[in-house]
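Report on the structure
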Amino acid sequence: MSQVNNFSNHRLINWFKLSSPSTFYPVAGKLIPFFWVLTFVFGAAGLWISFFVAPVDAVQGQGYRIIFIHVPASWMSMFIYLVMAAWAGLGLIFNTRLSAMMAQALAPIGAWMAFLSLWTGAFWGKPMWGAWWVWDARLTSELILLFLYLGFIALRASIDDPRRADKASAILALVGVVNVPIIYFSVKWWNTLHQGASVSLTKAPAMAQTMLLGMLLMALCLWMYTVAVTLMRVRAIILEREAHADWVRQSIEVKS
Amino acid sequence: MWNSPSEFFAMGGYALYVWSSFGICALVLLLEPLLVRVRFKAIVRRLKQEQLAEQFDKEIGK
């Protein structure tokens, strides 16, 4: 075993070793509290700016404050999908179990983010547009993203053999990637009721600096939260799927 | 910016919309790790029970 891994031993961190569930499991356990601390720090700072520092909007009054959770949740729903598809693709190419487990662990939190994006959007749309829901390109493509997450979860659940479920769900995840740019550019490609991008990489943002800062802090909070919850879930998945491996049996020693 | 707590909770007349958005988000984000924890504890309990059963079988076999 050590002979095989010698070629990468000069690296600071041996990434090949980490791709094994047995070595990743304890590392993930140690990282979880660290990401929870970051979640709370960014969350507290983000909420403080959202409610006590950012000025009131000239047109939308205090109602605009939904932006501080709506935009970060929407960003995360798209970002998590890309990460999930990347892990699923890596699992398909390298046939690594841990990659597929990571994709499996990311799907529920991604689905929740898509749901929160739609939910907060509805509660923003009602006072501002006068409708909870419209069949607008942006809203519809985000709803499709939620269905892609749910489809991924349902497809996995319907196949008994986990290795076959990995492959089938990976293909679904990769095909679904096409929807992410559609969501992102939908406000440009179609004439939508939904407003254009709030933050652009190429242009200076057309909003107060404090508003931008609040959104970024909330996005960082949700990002760290996602990492923490994903690590927690992937540990449960590892135990479930590797239940009969020797290292699992040794780490869950029963005191007799 | 806010002169009183009640003004803060009124959110300039948008209380229903702002607090429903943030409230549901808080609820989901709190429930999610709790559910994962339940799932984790369940698998650990199952593994421990399996080990106990095996130990028991060995002792009986002796």
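In this report, we go over the structure that sits alongside the text. (Residues numbered from 1 in each chain as written. Chains lettered and ligands numbered in written order. Predicted model: local features only at pLDDT ≥ 70, side-chain atom pairs only at ≥ 80, totals over all residues. Heavy atoms only, no water.)

Observations regarding the interface of chain A and chain B
By a widely used convention, the size of an interface equals the accessible area lost when the partners come together. With 47 residues of chain A at the contact, the number on the chain B side is 32 residues. Here chain A meets chain B over a buried area of about 3,600 Å², counting both sides, of which 73% is carbon and sulfur. On inspection of chain A and its partner chain B, the count reaches 3 salt bridges. The salt bridge partner of R39 of chain B is E240 of chain A, with a shortest N-O separation of 2.9 Å. Per-element accounting of the side of chain A that touches chain B gives the leading share, 13 residues, to helix α5 (residues 97-129) of chain A. A breakdown of the residues in the side of chain A that touches chain B according to their chemical character gives 32 nonpolar, 8 polar and 7 charged. (Contact = heavy atoms within 4.5 Å. Buried area = accessible area lost by both parts, 1.4 Å probe. Salt bridge = Lys/Arg side-chain N within 4 Å of Asp/Glu carboxyl O. Helix = DSSP H or I, 4+ residues; strand = E, 2+ residues; numbered from the N terminus. Nonpolar A, V, L, I, M, F, W, Y, C, P; charged D, E, K, R; others polar.)

A few points about the pattern of salt bridges
Proximity of charged atoms lets side chains of opposite charge pair with each other. Within this structure, the stated rule accounts for 8 salt bridges over all chains. Here E54 of chain B makes a salt bridge to R249 of chain A, at a shortest N to O gap of 2.3 Å. With E54 of chain B in helix α2 (residues 15-61) and R249 of chain A in helix α10 (residues 246-251), the pair connects residues from two separate chains. Looking at E54 of chain B, the relative accessible area reads 37%, which means it is partly exposed. Overall, the relative accessible area of 22% leaves R249 of chain A in the partly exposed class. Across the salt bridge formed by R46 of chain B and E50 of chain B, the nearest N and O atoms sit 3.3 Å from each other. Note that R46 of chain B and E50 of chain B are positioned in helix α2 at a spacing of 4 residues, about one turn of the helix. Here R46 of chain B falls in the partly exposed class, since its relative accessible area comes to 38%. One connected set of salt bridges, linked through shared partners, spans R156, R163, D166 and R241 of chain A. (Buried < 20%, exposed > 50% of the residue type's maximum accessible area, 1.4 Å probe, protein only.)

Observations regarding the side chain of R156 of chain A
Residue and element names in this part refer to chain A. When you line up the elements, R156 lands in helix α6 (residues 137-158). Owing to a relative accessible area of 11%, R156 belongs among the buried residues under this scheme. Contacts of R156, omitting those with residues within four sequence positions, involve A100, Q104, P162, A165, D166, S169 and R241.

Concerning the packing of aromatic side chains
All chains considered together, the criterion is met by 26 aromatic pairs over all chains. Taking 5.7 Å as the distance between ring centres and 75° as the angle between the ring planes, the aromatic pair formed by F51 of chain A and F8 of chain B counts as edge-to-face. A residue pair is termed interchain when its members come from two chains, as with F51 of chain A in helix α3 (residues 21-53) and F8 of chain B in helix α1 (residues 5-10). Each ring, one from F8 of chain B and one from F9 of chain B, has its centre 5.3 Å from the other, and the planes form 70°; the classification is edge-to-face. Judged by its relative accessible area of 52%, F9 of chain B is exposed. Here a set of aromatic residues connected by ring pairs shows up, and it is made of W48, F51 and F52 of chain A together with W2, F8, F9, W19 and F22 of chain B. Seen from the ring of Y25 of chain A, R235 of chain A lies directly overhead, with NZ or CZ sitting 4.2 Å from the centre. (Phe/Tyr/Trp six-rings, centres within 6.5 Å; stacked < 30°, edge-to-face > 60°. Lys NZ or Arg CZ within 6 Å of the ring centre and 35° of its normal.)

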